[in-house]
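Structure at a glance
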Protein chains: 2
Amino acid sequence: MTGPATAAPSAPSAPATPASPLSGPSGCRAREVLDLVAGKWSLAVVDTLGAGPMRFSELKRAIGGISQRMLTVTLRGLERDGILTRTVYAVMPPNVTYELTTMGRTLLEATRPVVQWSLENIAAIDAARAEFDASAEPS
Amino acid sequence: MTGPATAAPSAPSAPATPASPLSGPSGCRAREVLDLVAGKWSLAVVDTLGAGPMRFSELKRAIGGISQRMLTVTLRGLERDGILTRTVYAVMPPNVTYELTTMGRTLLEATRPVVQWSLENIAAIDAARAEFDASAEPS
DNA sequence: CTGAATCCCCTCCGATACTG
DNA sequence: CAGTATCGGAGGGGATTCAG
């Protein structure tokens, strides 16, 4: 699975359709990475952490609506992916601080347009859904 | 929505924490809209349709690996959200064409940075995961 | 060709309770 | 404060089959 692949320059009949980076074989990998952001809370954590290093409880309070479990799971995943770092200060009481890595910050930048788009189009989408439902499920 | 917004000068005790658009109350809505893109195939469909109007079978072939069911479900969802239009030509054999709406095209533009980031960071993430797994699960 | 319908597994996620 | 452990519901998503 980890094969180099994507290195098949000799494809004869391949249309190469570079139109969509998510369509081809390499698209599978991209999709996989996009799952990173697809998680229910990943984006919120990255976005919130964009303000600077933060502790567990601060994150929990800032995000709001997230359970300890999901915050922990999400943080673990992002740490594993190299998006953020987890620093434990052996003091009393325990102090664990999370901070975006360089890669995490580039991810934050990359996601800004999507987040902004979401905010800008919430109303339009609500309207579209209402209209669709009205004309499709009048029963 | 397209309003200038962010112009709430009269909030007295509001901390305003503009740090994260996904954290606050409005963030819940944004998260909701982001689910639109979170689906396993939504982005691939939008991305693929970026090349121009396409038929059902063309989409299926272009994306590859998607089942009829998921393509249908994904298309319905995106149509409901006003991201794409579904046009049926009553000919023989049936011809159904899907095309991005204006909003769909703006979404495509907004997602480009994330898609590109994914492609650029696949290797780094793989490495980070391997390293994390190696030092966390040695037993 | 396009799609709806069914079956079924599997993961995500929330609520709760317990530890250091 | 910062987690971990467990249970259980809900939904995503794949394979297959049927229909217009």
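Structure first, text after, so check above.
Notes on the structure follow. Here the structure is a predicted model, which means the values were calculated and not measured. (Residues numbered from 1 in each chain as written. Chains lettered and ligands numbered in written order. Predicted model: local features only at pLDDT ≥ 70, side-chain atom pairs only at ≥ 80, totals over all residues. Heavy atoms only, no water.)

**Describing the relation of the copies chain B and chain A**
Quick note on the threshold: Residues reaching a pLDDT of at least 70 in both copies supply the C-alpha atoms on which the copies are superposed by least squares. Contacts are residue-level and defined by heavy atoms, with any inter-residue pair within 4.5 Å sufficient.
Once chain B has been moved 0.0 Å along the axis and rotated by 180°, it coincides with chain A to within an RMSD of 0.1 Å. Both chain copies can therefore be described as sitting about a two-fold axis. The position closest to the rotation axis in chain B is occupied by the C-alpha of A38 of chain B, lying 2.3 Å away. Same-surface contact between copies: 96% of interface residues of chain B are shared with the interface of chain A.

**Details of the interface of chain B and chain A**
Our working definition: Buried area, as used here, totals the accessible surface that two parts lose on assembly, with accessibility defined by a 1.4 Å probe and the loss added over both. Salt bridge criterion: a side-chain nitrogen from Lys or Arg within 4 Å of a carboxyl oxygen from Asp or Glu. Polar contacts, as used here, are pairs of N or O atoms within 3.5 Å; protein pairs need one atom able to donate a hydrogen and one able to accept it. Residues neighboring in sequence count only if both atoms are side-chain atoms. Where helices and strands are cited, they refer to DSSP runs of H or I of at least four residues and of E of at least two residues respectively, numbered from the N terminus. Any residue outside Ala, Val, Leu, Ile, Met, Phe, Trp, Tyr, Cys, Pro, Asp, Glu, Lys and Arg is labelled polar, Gly included; the first ten of those are nonpolar and the last four are charged.
Of the residues lining the interface, 49 residues belong to chain B; the matching set on chain A comes to 49 residues. Between chain B and chain A lies a buried interface of about 4700 Å² when both sides are counted; carbon and sulfur atoms form 66% of it. Ranking the residues of chain B by area buried against chain A places R80, W117 and R129 of chain B at the top, with a combined share of 15%. With its nearest N and O atoms 2.4 Å apart, the salt bridge here joins D81 of chain B to R129 of chain A. Summed over the shared surface of chain B and chain A, the number is 8 residue pairs in polar contact (both at pLDDT 80 or more). Listed by contribution, the elements that provide at least two residues to the side of chain B that touches chain A are α1 (25-38), α2 (42-49), α3 (56-63), α4 (68-80) and α5 (102-136) of chain B. Its residues assigned to classes, the side of chain B that touches chain A shows 28 nonpolar, 10 polar and 11 charged.

**Remarks on the packing of α3 of chain B against α4 of chain B**
Residues and elements named next belong to chain B. Heads up, the rule is: Only the contacting stretch of a helix is used when fitting its axis, a line to C-alpha atoms as for every element, and angles between N-to-C directions run 0 to 180 degrees. In this scheme, roughly parallel covers angles under 35 degrees and roughly antiparallel covers those over 145, while 65 to 115 is roughly perpendicular and the rest are oblique. Each helix crossing is assigned a hand: it is left-handed if the near helix lies turned anticlockwise from the far helix by less than a right angle, otherwise right-handed if that turn is clockwise.
Where α3 contacts α4, the axes come no closer than 11 Å and their chain directions differ by 115°. In this view, α3 runs roughly perpendicular relative to α4, as classed from their interaxial angle. Here the hand of the crossing between α3 and α4 comes out right-handed. Contacts between α3 and α4 involve F56, L59, K60 and I63 from the first element and Q68, L71, T72 and L75 from the second. Across the contact of α3 with α4, the residue classes break down as 5 nonpolar, 2 polar and 1 charged.

**Quick notes on the nonpolar core**
The line we're drawing: Residues belong to one nonpolar core when they are buried, are Ala, Val, Leu, Ile, Met, Phe, Trp, Tyr or Cys, and are joined through side-chain atoms within 4.5 Å. The buried label applies to any residue whose accessible area, calculated with a 1.4 Å probe on protein chains only, is under 20% of its type's maximum; exposed applies above 50%, and partly exposed to all values in between.
With 60 residues, the main nonpolar core has I83 of chain A together with I83 of chain B as its most contacted residues. For this core, the element with the most residues is α5 of chain B, which contributes 9 residues.

**What to know about the sheet that holds strand β2 (residues 84-89) of chain A**
Where we set the bar: The criterion for strand pairing is that DSSP finds at least two bridges linking the strands in question.
Here we have 3 strands laid out as an open sheet, ordered β1-β3-β2 (chain A), and antiparallel in their pairing. Edge strands, defined here as strands with exactly one partner in the open sheet, are β1 (54-55) and β2 of chain A.

**Overview of the sheet that holds strand β2 (residues 84-89) of chain B**
Residue and element names in this part refer to chain B. With respect to topology, 3 strands assemble into an open sheet ordered β1-β3-β2, the strand pairing being antiparallel. Where the open sheet ends on each side, the last strands, each with one partner, are β1 (54-55) and β2. In the packing of α2 onto the sheet, contacts are made with β1, β2 and β3 (95-100), and the angle to β3 comes to roughly 95°.

**Let's talk about the pattern of salt bridges**
A pair can form between side chains of opposite charge whenever their charged atoms are brought close. Tallied over the entire structure, the rule returns 8 salt bridges over all chains. Taking the shortest distance from any N to any O, the salt bridge between R80 of chain B and D133 of chain A comes out at 2.5 Å. One end of the pair, R80 of chain B, is in helix α4; the other, D133 of chain A, is in helix α5 (residues 102-136), on a second chain. Residue classification places R80 of chain B among the partly exposed positions, given a relative accessible area of 26%. Take D133 of chain A: its relative accessible area is 24%, and that puts it in the partly exposed class.

**What to know about the protein's contact with DNA strand C**
The following threshold applies: For this purpose, a residue is taken to be near a molecule or strand whenever a single non-hydrogen atom of the residue falls within 4 Å of it.
Looking at DNA strand C, there are 17 residues lining it, with M70 of chain A together with S57, R76, R86 and Y98 of chain B nearest. Within 4 Å of the protein, the contacting atoms of DNA strand C are 71% sugar and phosphate, with bases supplying the remainder. One of the side-chain N or O atoms of W41 of chain A is found 3.2 Å from a phosphate oxygen in DNA strand C. Note that a phosphate oxygen of DNA strand C is positioned 2.4 Å from one of the side-chain N or O atoms of R86 of chain B. Breaking the surface near DNA strand C down by element, the ones donating at least two residues are α4 (68-80) of chain A together with α3, α4 and β3 of chain B. Among the elements that make up the surface near DNA strand C, the one with the highest residue count is α4 of chain B (3 residues). Within the surface near DNA strand C, the residues separate by chemical class into 8 nonpolar, 3 polar and 6 charged.

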